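A structural walkthrough
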Amino acid sequence: MIQQILFLLTLLGFAIILRKRIVQISRTIRLGRDVKIDGPTSRRFRNMLLVAFGQKKMFSRFIPAFFHFLIYIGFLVINIEALEFIIDGLAGTHRIFAPYLGGFYTVLMNVFEFLAVAVLVACVVFLIRRNVLKLPRFWSAEMTAWPRLDANIILITEIVLMLAILKMNAADQILQHREPQHYPSTGKLMFSSILIPVLEGYSTSFLIFVERFAWWFHIIGILAFAVYITYSKHLHIFMAFPNTWFARLQPAGYISNMPVVTREVKSMLGLPIEEPGTNEPPGRFGAKDVNDLPWTSLMAAYACTECGRCTSECPANITGKKLSPRKIMMDTRDRLEEVGRNLQNGGNGLDDGKSLLDHYITREEINACTSCNACVEACPVLINPLEIILELRRYVVMEESGAPASWNAMFQNLETNFAPWKFSAADRFNWAKD
Amino acid sequence: MNIPTLSELTARGETPEILFWVGCAGSYDDRYKRVTRAFAKILIAAEIKFAVLGPEESCTGDPARRAGNEFLFQMQAMNNIQILNGYGVKKIVTACPHCFNTLKNEYPELGGHYEVIHHSEFLQQLINEGRIKLTDTTAYKGKKITYHDSCYLGRANGVYEAPRAVIEALDADLAEMKRSKTRGLCCGAGGAQMFKDAEKGNKEINIERTEEALNTGAQTIAVACPFCMTMMTDGVKAKEKEQQIKVKDLAELIAEAQGLA
Ligand code: SF4
Ligand code: SF4
């Protein structure tokens, strides 16, 4: 009974913390500008199914994709087991499904154990790739101490959680022999039974303790993990789904229109304006801070896995420029988290004298982008760092006239000669003369 | 060359099959003017009824939009759309992927709805239909050509196969670079970089790309974009490999094989 009450309190406690985090994150996402979400739902569904659920884009790099897939499947399937944990915890039962499912339970548990071992191996491989092989994309400039630690915490936690499952199952199997009335048979479990000889010498009461300890460790581990990921790049396990759903459907080369500008240009040219301006205030041109960006870009920042595939394909980054599309996403999220904390302390969160542009992302970075879409193409969860870069550029040019001098010269040529170079418009057709 | 303008044709009460959008580089850049002429020759030889806007054409606004100057972009776009719609233009072909992308993807929202194709696609189509006769394929037969994907054709619009089909029609040996198609490396000029110096770094992007092209051992780098042309040509010059490798546009390769060059 005490265990049940403790469990219920634990569950509630974590639910409250988690809810607070979810509210805070969604508040910061909703600071973003509204965007029209158009295009066929079927395509959005397909994107989500193939890219998030099916991990399609991961597979352009096979080795990490394979091991990541193991962890992903392990996560999905082992969480089914967490359902039994929660029912047992609340009802005070032990392995409630075992008697009902009989032989099938054995099969299920063996599948879980197989996946637990697979996850374990995959996490070890990933730790080696990050810390021993030091793959460059995990060590570039924006991968400061915290992002690197974050990745390692996740991998180590997963390893420990998987070990807890195996240990718990091993102790359970011994107890099934000693006290069959309390411990329903699971049948022989392939992997954890290897650990039986290690534990067999111990007393029953110690084994009960081991089993309980591992059980609690595992379930608290899962709950703590759920809270932790809201601060971590690991949030992608949830955010990848909405992010792939809301990902832009237009060809990658398309840049979103600014209807405010369209109305102004049309009135300057004396053209009829079909959709007269709504009464919304025009706001800023482009983006200086997170609230000027479309909310989809903000959501994307929370979906970013910090994998660095974007940066490793970025021509600017490859040739030593400061620009890194991953950093663009990480900065956006860091700024959002900062604003979120400010929000929680009252106020509207944005008036802290800081902004995304300049305090996080510098002009040198955004000026280096060739709009080549390599980052967009590379992203396994359909994030578009280029959209943010372009919005920041719009702000610099239209609100501050702060473009690099040679761009201003190009603008001037366009205005006077209708070409980006200093050639006379009258000479445009000269190519046909010689 | 006798190139008909749309205003002349319209005055005679004629409508062309297609409008050839030349673009700023195609009109003013000495190197790319040769591509414009090569493509025009191909169109004439294939007996395509086409026209150009001539002095009435102006920049699509691509560099302005990508640099962040939305006003200037929309001014350019609106003016162009008024002219294009005034003539009732339905179909446009252009040799510039940036013009292609802007006309195709960004003008519709502003009232310009056209069927827009890139010259690589048009060339492929004409070859398939037998309207282009490659009489002299010896120039490139069995020779190694590498194709540099333009970002605005490839990733931006998914055109990867047409340029390659054109090269294969020359019986050439298409040698892919390490990074190609969806993973092709930018030449460094997009996003209005063409109009400013690169930011501080440890290498120029076009040098990185040129080295990759040189590694294929090809004698020709085929491009399908005026900015890529400039960047790759400069890259080859910087590496002092002008004798070893030539940078050519697809239209030039085809024109040569037709004996039009
Ligand atoms: S679009 Fe910009 S940020 Fe993205 S890969 Fe290309 S140069 Fe880098
Ligand atoms: S934006 Fe995409 S590719 Fe880049 S680090 Fe984030 S998840 Fe990876």
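Refer to the structure printed above.
An account of the accompanying structure is given in this report. (Residues numbered from 1 in each chain as written. Chains lettered and ligands numbered in written order. Predicted model: local features only at pLDDT ≥ 70, side-chain atom pairs only at ≥ 80, totals over all residues. Heavy atoms only, no water.)

Below, the discussion takes up the packing of aromatic side chains. Residue and element names in this part refer to chain A. Using the criterion set out here, one finds 26 aromatic pairs over all chains in the structure. Ring plane angle 75 degrees and centroid distance 5.2 Å describe the contact between Phe66 and Phe67, whose orientation is recorded as edge-to-face. A relative accessible area of 18% places Phe67 in the buried class. Just above the ring of Tyr231 sits the side chain of Arg21; from NZ or CZ to the centre is 3.8 Å. (Phe/Tyr/Trp six-rings, centres within 6.5 Å; stacked < 30°, edge-to-face > 60°. Buried < 20%, exposed > 50% of the residue type's maximum accessible area, 1.4 Å probe, protein only. Lys NZ or Arg CZ within 6 Å of the ring centre and 35° of its normal.)

This part is about the site of ligand 2. Residue and element names in this part refer to chain A. Not every one of the 13 residues close to ligand 2 is listed here, only the nearest: Cys304, Cys307, Gly308, Cys310 and Cys379. Elements with a contribution of two residues or more to the shell around ligand 2: helix 12 (309-313) and helix 14 (325-344). Within the shell around ligand 2, the residues separate by chemical class into 8 nonpolar, 2 polar and 3 charged. (Near = heavy atom within 4 Å. Helix = DSSP H or I, 4+ residues; strand = E, 2+ residues; numbered from the N terminus. Nonpolar A, V, L, I, M, F, W, Y, C, P; charged D, E, K, R; others polar.)

Moving on to the pairing of strand 4 (residues 115-118) of chain B. Residues and elements named next belong to chain B. Note that strand 3 (residues 91-94) and strand 4 share 4 bridges and pair parallel. Directly across from Val93, in strand 4, lies its bridge partner Ile117. Crossover connection from strand 3 via helix 6 (residues 97-106) to parallel strand 4: handedness right-handed. (Pairing = 2+ DSSP bridges. Right-handed = clockwise from strand over helix to strand, strands pointing away.)

A few words now on helix 14 of chain A. One turn of the α-helix equals 3.6 residues, which is why residues spaced by three or four share an orientation. All names here are of chain A. With 20 residues, helix 14 should reach 28 Å at 1.5 Å per residue; the first-to-last C-alpha distance of 29 Å fits that figure. Counting buried positions over the 20 residues of helix 14 gives 16, a clear majority of the element. Just downstream of helix 14 lies Gly346, where phi reads positive at about 85 degrees. (Expected span 1.5 Å × (residues − 1).)

As a further point, take the interface of chain B and chain A. Size of an interface, as often reported, equals the accessible area lost when the parts are brought together. Opposite the 71 residues of chain B that make contact, chain A presents 63 residues. Buried area between chain B and chain A, both sides added, is near 5800 Å², and the carbon and sulfur share of it is 64%. Interface area lost by chain B to chain A is led by B:Tyr28, B:Phe71 and B:Phe195, which between them contribute 14%. Linking chain B to chain A there are 3 salt bridges. Taking the shortest distance from any N to any O, the salt bridge between B:Arg183 and A:Glu313 comes out at 2.6 Å. (Contact = heavy atoms within 4.5 Å. Buried area = accessible area lost by both parts, 1.4 Å probe. Salt bridge = Lys/Arg side-chain N within 4 Å of Asp/Glu carboxyl O.)

Turning our eyes to something else, we now look at the nonpolar core. Ranked by size, the top nonpolar core spans 102 residues in total, and within it A:Phe411, A:Trp431, B:Phe20, B:Phe50, B:Leu84 and B:Phe122 carry the most contacts. With 7 residues, the single largest contributor to this core is helix 3 (residues 30-45) of chain B. Sequence-distant contacts of B:Phe50, defined by excluding residues within four places in its chain, comprise B:Ile3, B:Pro4, B:Leu9, B:Pro16, B:Ile18, B:Phe20, B:Ala40, B:Leu43 and B:Ile44. Counting residues in each nonpolar core, the second largest holds 47 residues, with A:Ile29, A:Leu298, A:Met329 and A:Val376 among its members. (Core = buried A, V, L, I, M, F, W, Y, C linked by side-chain atoms within 4.5 Å.)

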